[in-house]
Amino acid sequence: MMNYRETDPEFSQRMEHFAFEEVVNEEGQQLDEVTRHLAILATLLGCQGKEVFRWELPQALDAGVSPVMVKEVVYQAVDYLGMGRVLPFLDITNEVLQERGVSLPLEGQATTTMENRLEKGYQTQAEIFGDQMLEAWKQNHINRWLADNCFGDYYTRTGLELKQREMITFCFLAAQGGCEPQLTGHAKGNMNLGNDKAFLLKVVSQCLPYIGYPRSLNAVSCINKAAEG
C-alpha cells in the first residue's frame, strides 16, 4: 500500500488512530485476535477491499490465523459473494502464502462426497436454523443447491468450527450490503450456535472501520431484530 503517512499525514493519523487503537481497544467491544482477524478478512471480502485484504492477511497470519483458516474463509465466500468477486482474493491469498514459504495446495479439508453432500448439507442447516431445514431443500432447485453446495460442500469442511463459519457468513453479508433479510437470518443462526447478541455487536464494532457506518448500523438493526424474534 502507498505510504499515506507521507502523502496524507492528517488523514493517516486519524484513520490509524481510529481503526488500530480506538476501535481495537474499545472497552466491552474487544475480540480475541484470531476471531477479530477472521471477521476482518471476511468483511474485506464482502466489501471487495482487495488492497486492504493484501495488507491485512499477513497481520492475520502473524496473529495466529492459520493458512487453512484463511483458505476456508475465502472458499466459503464464493457462496455468498459469487466467483466473480472472490477469485481475485484467492489469487491474493495464494501469492501471500507462497511469499511466506507456505507450500500449496494445503491439506484437504472436505468431509463429504458427491453422494452424501446433500444429506450432510441439510443436516448442517438444521443444526444452525432448526429442524424445518430438513425438508426446505425440497422446495425448489435453488434451495437444493443451498443445501448441497453451500452447506454440504463448504460448511461441512474442517479448518473452521461451525460457529466460526456462521460468524464469517454474517460478515460477508453485512459488508456487501443489500442482504438485510439474509443478514437477519444469519444473525439468528449465530445466536442459535452461541454467538450471542453481545458477540455479534463486537464483530460489527471491530469491522466498522472497513465498511463504514451505514452498513454497520444496518447490521446492528439486523442483530436487534434477530434477538427479538
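Our subject is the structure that appears above.
Residues numbered from 1 in each chain as written. Predicted model: local features only at pLDDT ≥ 70, side-chain atom pairs only at ≥ 80, totals over all residues. Heavy atoms only, no water.

S.K.: Help me get a handle on unusual backbone geometry, residues and values and all.
M.R.: The linkage connecting leucine 104 with the following residue, proline 105, adopts the cis geometry, with an omega of 5°. Tracing the chain through its elements places proline 105 in the loop between helix 6 (83-99) and helix 7 (117-129). Backbone geometry places glutamine 48, a non-glycine residue, at a positive phi of 65°. Along the chain, glutamine 48 falls in the loop between helix 3 (33-47) and helix 4 (50-62). (Helix = DSSP H or I, 4+ residues; strand = E, 2+ residues; numbered from the N terminus.)

S.K.: An account of helix 5 (residues 67-81) is requested, with residue identities and associated values reported.
M.R.: Taking 1.5 Å per residue, 15 residues should reach 21 Å; helix 5 reaches 21 Å between its end C-alpha atoms and fits that length. Looking at helix 5, one finds that the buried residues are Met69, Val70, Lys71, Glu72, Val73, Val74, Gln76, Ala77, Tyr80 and Leu81. Looking at the buried residues of helix 5, the elements they touch are helix 3, helix 4, helix 6, helix 9 (141-155), helix 10 (162-176) and helix 11 (180-192). With its phi angle positive at about 90°, glycine 82 sits one or two positions after the end of helix 5. (Expected span 1.5 Å × (residues − 1). Buried < 20%, exposed > 50% of the residue type's maximum accessible area, 1.4 Å probe, protein only. Contact = heavy atoms within 4.5 Å.)

S.K.: Describe in detail empty space enclosed by the protein, supporting the description with residues and values.
M.R.: Applying the stated criterion to the full structure yields one cavity of 30 Å³ or more. Roughly 40 Å³ of internal volume is contained in the largest cavity. Thr43, Phe170, Cys171, Ala174, Ala175, Val203, Val204, Cys207 and Ile211 together form the lining of the largest cavity. At the level of elements, helix 10 and helix 12 (197-211) are the ones that each hand at least two residues to the lining of the largest cavity. (1 Å grid on protein atoms, 1.4 Å probe; cavity = no way out; pocket = protein on both sides within 12 Å on 5 of 7 lines; lining within 4 Å. Points joined across faces, edges and corners; volume = space filled by probe spheres on them.)

S.K.: Which residues make up the layout of surface pockets, and what values do they have?
M.R.: Quantified by volume, the second largest pocket comes out at close to 390 Å³. If you go around the second largest pocket, you meet 17 residues; those closest to its centre are Asp79, Tyr80, Leu146, Gln182 and His186. Counting residues per element, the ones that place at least two in the lining of the second largest pocket are helix 5, helix 9, helix 10 and helix 11. Among the elements that line the lining of the second largest pocket, the one with the most residues is helix 9, at six residues. Residues that form the lining of the second largest pocket fall into these classes: eleven nonpolar, five polar and one charged. (Nonpolar A, V, L, I, M, F, W, Y, C, P; charged D, E, K, R; others polar.)

S.K.: So what about the state of the cysteines? Which residues, and what values?
M.R.: All told, the structure shown has zero disulfides when counted by the stated rule. In this structure cysteine 47 is not part of a disulfide, and its nearest cysteine sulfur, from cysteine 207, lies 9.3 Å away. Distance from the sulfur of cysteine 222, which forms no disulfide, to the nearest cysteine sulfur (cysteine 179) is 9.8 Å. (Disulfide = S-S within 2.5 Å.)

S.K.: I'd like a rundown of the packing of helix 7 against helix 9, residues and numbers included.
M.R.: With their axes 7 Å apart at the nearest point, helix 7 and helix 9 run at an angle of 85° to one another. Looking at the two axes, helix 7 sits roughly perpendicular to helix 9. Packed against helix 7, whose contacting residues are Arg117, Leu118, Gly121, Tyr122, Thr124, Gln125, Ile128 and Phe129, the element helix 9 presents Arg144, Leu146, Ala147, Asp148, Asn149, Phe151, Gly152, Asp153 and Tyr155 at the interface. When its residues are assigned to classes, the contact of helix 7 with helix 9 shows eight nonpolar, five polar and four charged. (Axes fitted to C-alpha atoms, helices over the stretch in contact; angles between N-to-C directions. Parallel < 35°, antiparallel > 145°, perpendicular 65-115°, else oblique.)

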